[in-house]
Amino acid sequence: KPGEPIVLGVPTALGSIEGRDGWMAIQMARDEINAKGGVQVGKTKHKIEVYSIDTREHEPGIPVQDALTAAEKLILEKKPHAIALGNFRSEVLLATMDLMSKYKLPYICSIAMTPLMQKKVTEDYEKYKYIFRNAINAPYLAMYLGGVMGFINKEFGFNKSYIITQDVLWAKGTGGGLEKWFKENKWEVAAFDTYATGASDFSPSMIKVRAQKAQVVVPIFDMPQSGILLKQARAMQIPALLAGFISPVTTENAWKVFEGEVDGMINMIYEVGPIPVKAVPKSVEFNQNYGKKWGEKARTELSGHGPGPSYDSIYILANAFERAKTVEPDAVVKALE
């Protein structure tokens with residue numbers, strides 16, 4: 001109806017840096033769209049309203065059910081027309097798909113990385129057609145890391161790796177994909193260790209890295225404590241190259257935060273935005289505007305995964321509503337496709 005807002009729900013791990021920054025990026029997109037008069041749906045213009053809820057799914061020991069309950073509470077109370085940003089943890093994404101299907105909610109996921117999501121959509125399209133992702137996923141991360149390892153091998157002749165991942169679906173999946181790449185490319189994988197979310201002592205692995213003379217350590221972690229791995233590797237003077245993903249090390253201010261100990265680590269930045277890339281002018285604009293809106297400190301703390309796609313998802317949804325000329329879910333899904 002004329003004058004009624006378009007409501008978008010944002011259920012995510014607001015306590016994680018990725019979730020926090022994604023939510024801030026979404027509020028920025030909302031303000032930009034509303035400043036231009038909102039979204040044209042058929043003959044009427046509508047402002048966008050966004051509501052978040054903290055699913056706490058990044059925290060150790062939080063059951064999947066708790067995250068689903070939070071998302072459902074948001075859906076029932078705010079009656080959103082679509083869901084943006086969404087799940088942080090892949091395990092929760094897979095369970096959330098049934099919830100989105102139940103409420104017929106177009107959903108753009110901008111963090112969780114499991115490829116099992118696409119598999120479910122492909123196998124049961126009618127049920128899961130509401131689910132989209134606009135961020136990187138685990139197979140591509142493994143592919144890019146494989147490219148990095150190929151370069152390292154060519155450049156330095158290194159061919160002995162040691163994989164250390166967080167004990168969660170996306171990280172283990174990425175580690176597994178990379179392990180396969182290593183074996184196909186005649187690398188030796190000295191070990192594949194996993195650590196529970198919340199763990200803060202990685203020295204058992206570091207001792208083995210030294211003993212086994214591994215040349216490349218591949219850490220894959222999204223928890224804040226994973227920064228300690230970098231600290232311990234430096235304190236123990238581990239003579240190996242660190243190349244992978246440590247979430248707290250992706251920020252622009254990481255050099256300062258880690259007192260220069262990031263020197264020499266190769267860390268994946270998943271999407272542009274947090275790092276302005278001149279070849280993608282929009283990423284430069286996003287980065288500057290984020291600093292104007294949230295302050296310079298927040299800009300230098302932007303995480304390397306989530307904020308760019310979260311921001312884009314609001315524009316993608318707004319565009320889909322305009323082209324569908326309705327907020328009716330099936331029509332919006334067609335427009336999104």
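This section reports on the structure supplied with the text. Quick caveat, the model's predicted, so the values are computed rather than measured. (Residues numbered from 1 in each chain as written. Predicted model: local features only at pLDDT ≥ 70, side-chain atom pairs only at ≥ 80, totals over all residues. Heavy atoms only, no water.)

**Description of the sheet that holds strand β10 (residues 216–221)**
Link 1 in the chain: Pairing is parallel across the open sheet formed by five strands, whose spatial order is β9-β8-β10-β11-β12. In the strand order of this sheet, the two ends are held by β9 (188–195) and β12 (266–267), each with one partner.
Link 2 in the chain: Two elements, strand β8 (residues 160–166) and β10, share five bridges in a ladder whose sense is parallel. Note on β10: the bridge partner recorded for isoleucine 164 is proline 219.
Link 3 in the chain: The sheet strands contacting helix α9 (residues 227–235) are β8, β10 and β11 (241–246), and the helix crosses β11 at an angle near 170 degrees. (Pairing = 2+ DSSP bridges. Helix = DSSP H or I, 4+ residues; strand = E, 2+ residues; numbered from the N terminus. Contact = heavy atoms within 4.5 Å. Axes fitted to C-alpha atoms, helices over the stretch in contact; angles between N-to-C directions.)

**Some words on the layout of surface pockets**
If you roll a probe as big as a water molecule over the atoms, it shows you where there is empty space left.
Link 1 in the chain: If you add up the space inside the largest pocket, you get close to 350 Å³.
Link 2 in the chain: Lining the largest pocket are 17 residues; nearest its centre among them are Lys282, Phe286, Gly308, Tyr311 and Asp312.
Link 3 in the chain: Every element with two or more residues in the lining of the largest pocket is listed here: α11 (281–294) and α13 (307–324).
Link 4 in the chain: Residue composition of the lining of the largest pocket, grouped by class: six nonpolar, five polar and six charged. (1 Å grid on protein atoms, 1.4 Å probe; cavity = no way out; pocket = protein on both sides within 12 Å on 5 of 7 lines; lining within 4 Å. Points joined across faces, edges and corners; volume = space filled by probe spheres on them. Nonpolar A, V, L, I, M, F, W, Y, C, P; charged D, E, K, R; others polar.)

**Things to note about empty space enclosed by the protein**
Link 1 in the chain: Counted according to the given criterion, the structure contains two cavities of 30 Å³ or more.
Link 2 in the chain: If you add up the space inside the largest cavity, you get close to 80 Å³.
Link 3 in the chain: Taken together, Glu18, Phe88, Ile111, Ala112, Met113, Trp170, Asp222, Phe245, Tyr270 and His305 make up the lining of the largest cavity.
Link 4 in the chain: Size it by volume and the second largest cavity reaches roughly 40 Å³.

**Re helix α8 (residues 203–211)**
Link 1 in the chain: Within the sequence span of α8, burial applies to Ser203, Ser205, Met206 and Val209. Angularly, the buried residues of α8 cover 155 degrees about the axis, an arc narrow enough to put them on a single face. Opposite the packed face of α8, turned more than 90 degrees from it, sit the exposed residues Ile207 and Ala211.
Link 2 in the chain: In this structure, the buried residues of α8 make contact with β8, β9, β10 and α9.
Link 3 in the chain: Phi turns positive one or two residues past the end of α8, at lysine 213, with a value near 55 degrees. (Buried < 20%, exposed > 50% of the residue type's maximum accessible area, 1.4 Å probe, protein only. Arc of directions from axis to C-beta.)

**A word on the nonpolar core**
Link 1 in the chain: Counting 38 residues, the largest nonpolar core has Leu8 and Phe321 as the members making the most contacts within it.
Link 2 in the chain: Excluding its chain neighbours within four sequence positions, the residues that come into contact with leucine 8 are Ile48, Glu49, Val50, Tyr51, Pro80, Ala82, Ile314, Leu317 and Phe321. (Core = buried A, V, L, I, M, F, W, Y, C linked by side-chain atoms within 4.5 Å.)

**Comments concerning the packing of aromatic side chains**
Link 1 in the chain: The tally for this structure, following the rule as stated, stands at 12 aromatic pairs.
Link 2 in the chain: A ring pair is formed by tryptophan 170 and phenylalanine 245, whose centres lie 6.1 Å apart and whose planes are at 75 degrees; its orientation type is edge-to-face. Here tryptophan 170, found in helix α7 (residues 169–184), pairs with phenylalanine 245, found in strand β11; they are 75 residues apart in sequence, far enough to count as distant.
Link 3 in the chain: Residue phenylalanine 245 is classed as buried on the basis of its relative accessible area, which comes to 1%.
Link 4 in the chain: Among the aromatic residues, those joined into a cluster by ring pairs are Phe286, Tyr290, Tyr311 and Tyr315.
Link 5 in the chain: Over the aromatic face of tyrosine 51 sits the side chain of lysine 78, whose NZ or CZ is 4.5 Å from the ring centroid.
Link 6 in the chain: It is lysine 293 that lies over the ring of tryptophan 294; its NZ or CZ is 5.0 Å from the centre. (Phe/Tyr/Trp six-rings, centres within 6.5 Å; stacked < 30°, edge-to-face > 60°. Lys NZ or Arg CZ within 6 Å of the ring centre and 35° of its normal.)

**Some details on a nonpolar patch on the surface**
Link 1 in the chain: A contiguous nonpolar surface patch, about 340 Å² in accessible area, is contributed by Tyr140, Met143 and Tyr144.
Link 2 in the chain: Looking at where tyrosine 140 falls in the secondary structure, it is placed in helix α6 (residues 138–156).
Link 3 in the chain: The class for tyrosine 140 is partly exposed, based on a relative accessible area of 46%. (Patch = residues over 30% accessible without salt bridge, like charges linked within 9 Å, V, L, I, M, F, W, Y side chains within 5 Å. Areas by Shrake-Rupley, 256 points an atom, 1.4 Å probe, with all protein chains shown as cover. Salt bridge = Lys/Arg side-chain N within 4 Å of Asp/Glu carboxyl O.)

**Here's the deal with the packing of helix α3 (residues 90–103) against helix α4 (residues 116–123)**
Link 1 in the chain: Contact geometry of α3 with α4 gives a least axis separation of 10 Å together with a crossing angle of 25 degrees. Viewed along their axes, α3 and α4 adopt a mutual orientation that is roughly parallel. Note on packing geometry: the crossing formed by α3 with α4 is right-handed. Residues Leu93, Leu94 and Met97 of α3 pack against Leu116, Met117, Lys120 and Val121 of α4.
Link 2 in the chain: Here the residues of the contact of α3 with α4 sort into six nonpolar, no polar and one charged. (Parallel < 35°, antiparallel > 145°, perpendicular 65-115°, else oblique. Left-handed = near helix turned anticlockwise from the far one by under 90°.)

**Examining the sheet that holds strand β5 (residues 82–85)**
Link 1 in the chain: Read across the open sheet, the five strands follow the order β4-β1-β5-β6-β7; overall the sheet is parallel. The sheet is open, and its two edges are formed by β4 (48–54) and β7 (131–133), each paired on a single side. Each strand axis lies, on average, 25 degrees off the axis of its neighbour in the sheet, ignoring direction.
Link 2 in the chain: Alignment of β5 against strand β6 (residues 107–109), held across three bridges, turns out to be parallel. Bridging from a neighbouring strand, leucine 85 pairs with cysteine 109 of β6.
Link 3 in the chain: In the packing of helix α1 (residues 17–35) onto the sheet, contacts are made with β1 (6–12), β4 and β5, and the angle to β4 comes to roughly 170 degrees.

By themselves, these are just geometric observations and shouldn't be taken as functional.
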